[in-house]
Amino acid sequence: MKSAGLPSEVPTTRKPKPRPKPKVTHTPVAPKTDPRFGTCTAAKARGYGPYVEGVDPEYHWYIDRDSDGTVCE
């Protein structure tokens, strides 16, 4: 027997509110590279180098004359 004045026990089918997407608070930053010089001599004179193949993106800017995987040594 049901009591008068009590709500019936019927399951509700409410959908949860969607959560707001988090705001991106930073912008991706490109990796920093050294300044580009015309020659390794110019780079070394200003304190840059050596650059290793597969490690430093600057490696491909210069000629590896002895093919040892390092430039501006």
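What counts, and where the lines are drawn
- The residue numbers shown here count from 1 along each chain, following its written sequence.
- Residues qualify for local features only when their pLDDT is at least 70, as the model is predicted, and side-chain atom pairs are given and counted only at 80 or more; totals for whole chains, interfaces and linings, by contrast, use all residues.
- Computation of side-chain values: all heavy atoms of the structure, hydrogens and water removed.
- Any two rings among Phe, Tyr and Trp, with Trp reduced to its six-membered ring, count as a pair given centres within 6.5 Å; such a pair is stacked if its planes are under 30 degrees apart, edge-to-face if over 60, and tilted if neither.
- Each helix corresponds to a stretch of at least 4 residues labelled H or I by DSSP, and each strand to a stretch of at least 2 residues labelled E; elements are numbered beginning at the N terminus.
- Three exposure classes are used, based on accessible area relative to the maximum for each residue type with a 1.4 Å probe and protein chains only: buried under 20%, partly exposed in between, and exposed over 50%.
- Working convention for charge: Lys and Arg count positive, Asp and Glu count negative, and His plus the chain ends are omitted.
- Basic side-chain nitrogens of Lys or Arg form a salt bridge, by our definition, when they fall within 4 Å of a carboxyl oxygen of Asp or Glu.
- Residues adjacent in sequence count toward polar contacts only when both atoms are side-chain atoms; beyond that, a polar contact is any pair of N or O atoms within 3.5 Å, and within protein one must be able to donate a hydrogen and the other to accept it.
- Pairs of residues are marked as contacts when any of their non-hydrogen atoms sit within 4.5 Å.

(A) Seen up close, the packing of aromatic side chains. Considering all chains together, one arrives at 3 aromatic pairs under this definition. In textbook terms, an aromatic cluster arises when at least three aromatic residues are bridged by ring pairs, as seen for Tyr51, Trp61 and Tyr62.

(B) Summary view of the side chain of aspartate 64. Turning to its location among the elements, aspartate 64 is positioned in the loop between β1 (51–52) and β2 (70–71). One buried charged residue, aspartate 64, forms no salt bridge at all, with the nearest opposite charge on arginine 65 at 8.5 Å. A distance of 3.2 Å separates the side chain of aspartate 64 from the backbone nitrogen of serine 67, its partner in a polar contact. Of note is the side chain of aspartate 64, whose polar atom sits 2.7 Å from the backbone nitrogen of glycine 69. Those residues in contact with aspartate 64, other than ones at most four positions away along the chain, are Tyr59, Gly69, Thr70 and Val71.

(C) Region of interest: unusual backbone geometry. The amide bond that connects glycine 49 to the next residue, proline 50, takes the cis arrangement and shows omega of -5°. Mapped onto the fold, proline 50 is located in the loop between α1 (40–45) and β1. A positive phi angle is found at serine 67, which is not glycine, with a value near 55°. Tracing the backbone shows serine 67 in the loop between β1 and β2. Exposure remark for serine 67: the relative accessible area of 62% places this residue in the exposed category.

Just geometry here; none of it tells us what the structure is for.
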